[in-house]
Amino acid sequence: MAWTTRSTRTVYENRWIHVREDEVTGPHGDGIYGVVRMQHPAVFVVALDERERVCFVELERYTTGRSLEVPAGGSDGEDPLHAAKRELLEETGVTASDWSSLGRMNALNGIADAPEYVFLARGLTMTDAAASQREEGIDAVRWIPFAEALELVASGEVSDGETIGALALAGIRLGRFR
């Protein structure tokens, strides 16, 4: 059975998210469904250096506390690759000469319309351009070998779902899971 939306109303909106409440008819009958829609897709970057280390940022999230994540952010309506390059530079001070699209994910697809684009960045160069790290709330940039990053996922130290998904896409592309 397909879902049918009988009515919809905006509950809240800002420059990042739009929250609506829909009256629906679904597989289990009539009900109300809350939906969060991101105003723009997000981007995630798995930056891998010549020593096969992944670039992580460490920060404190208001919602979930201390977090270890790959560089990421909103596309602000721009091309996802352009946004990924900007986010990597802003959050880490790193640029890359080799970019590959790893695919598209959907965050919290049970309650959200939140598309995400994932990129692999290689050919890395460190710059002095990480001036906005403090503005982004980033406490540290860490370089972790790919295998160790997967161990941190398994132990729960890396618990950000999008980071886990991005690492999975990178691992598949790099042949690490065969």
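Residues numbered from 1 in each chain as written. Predicted model: local features only at pLDDT ≥ 70, side-chain atom pairs only at ≥ 80, totals over all residues. Heavy atoms only, no water.

## Section: the environment of Tyr 33
Relative to the helices and strands, Tyr 33 resides in strand β3 (residues 29–38). A C-alpha to C-alpha distance of 40 Å links Tyr 33 and Ile 144, two positions 111 residues apart in sequence. The residues touching Tyr 33, leaving out its near neighbours within four places in the chain, are Trp 3, Arg 20, Glu 21, Asp 22, Val 24 and Gly 110. (Helix = DSSP H or I, 4+ residues; strand = E, 2+ residues; numbered from the N terminus. Contact = heavy atoms within 4.5 Å.)

## Quick notes on the confidence of the model for the protein chain
For the protein chain, mean pLDDT is 94; residues scoring 70 or higher make up 96% of the total. No element of the protein chain has a lower mean pLDDT than helix α2 (residues 133–136), at 70, and none a higher one than strand β4 (residues 42–47), at 98. (pLDDT = per-residue confidence, 0-100.)

## A look at helix α1 (residues 80–92)
Here α1 contains 13 residues, and its C-alpha end-to-end distance of 18 Å stays within 8% of the 18 Å for a straight helix at 1.5 Å per residue. If you check which residues of α1 are buried, you get Ala 83, Ala 84, Arg 86, Glu 87, Leu 88, Glu 91 and Thr 92. Structurally, the start of α1 carries an N-cap: the backbone nitrogen of Leu 81 is 3.1 Å from a side-chain oxygen of Asp 79. (Expected span 1.5 Å × (residues − 1). Buried < 20%, exposed > 50% of the residue type's maximum accessible area, 1.4 Å probe, protein only. Polar contact = N/O pair within 3.5 Å; in protein donor to acceptor, adjacent residues only side chain to side chain.)

## A few points about unusual backbone geometry
Despite not being glycine, Asp 76 has its phi angle at roughly 55 degrees, a positive value. Position of Asp 76 among the secondary structure elements: in the loop between β7 (72–74) and α1. Taking the relative accessible area as the measure of exposure, Asp 76 reaches 47% and is therefore partly exposed. Phi is positive for Leu 108, close to 45 degrees, though the residue is something other than glycine.

## Remarks on the nonpolar core
Side chains that are nonpolar tend, in soluble globular proteins, to be buried together. If you look at the biggest cluster of nonpolar residues, it comprises 21 residues, and the most contacted ones within it are Phe 44, Val 46, Val 54, Phe 56, Val 70 and Leu 167. Sorting the residues of this core by element identifies β4, β5 (53–61), β8 (94–106), β10 (115–126), α3 (146–155) and α4 (161–173) as the ones contributing at least two each. Look past the residues within four positions of Phe 56 in its chain and what remains in contact with it is Leu 68, Glu 69, Val 70, Ala 140, Val 141, Arg 142, Ile 144, Ala 149, Val 158, Thr 163 and Leu 167. With 13 residues, the next largest nonpolar core counts Val 43, Ala 83, Trp 99 and Phe 119 among its residues. (Core = buried A, V, L, I, M, F, W, Y, C linked by side-chain atoms within 4.5 Å.)

## Some remarks on the sheet that holds strand β11 (residues 138–145)
Read across the open sheet, the three strands follow the order β6-β5-β11; overall the sheet is antiparallel. The open sheet is flanked by β6 (65–69) and β11, the only strands paired with a single partner. Across the sheet, the axes of successive neighbouring strands diverge by a mean angle of 25 degrees, strand direction being ignored. (Pairing = 2+ DSSP bridges. Axes fitted to C-alpha atoms, helices over the stretch in contact; angles between N-to-C directions.)

## Things to note about the pattern of salt bridges
Applying the stated criterion across every chain yields a total of 15 salt bridges. We note a salt bridge from Glu 58 to Arg 142, for which the minimum N-O separation is 3.5 Å. Separated by 84 residues along the polypeptide, Glu 58 in strand β5 and Arg 142 in strand β11 bring together distant segments of the chain. Among the residues examined, Arg 142 registers a relative accessible area of 28% and is labelled partly exposed. Overlapping salt bridges, with partners in common, bring together Asp 76, Glu 78, Arg 86, Glu 87 and Glu 90 in one network. (Salt bridge = Lys/Arg side-chain N within 4 Å of Asp/Glu carboxyl O.)

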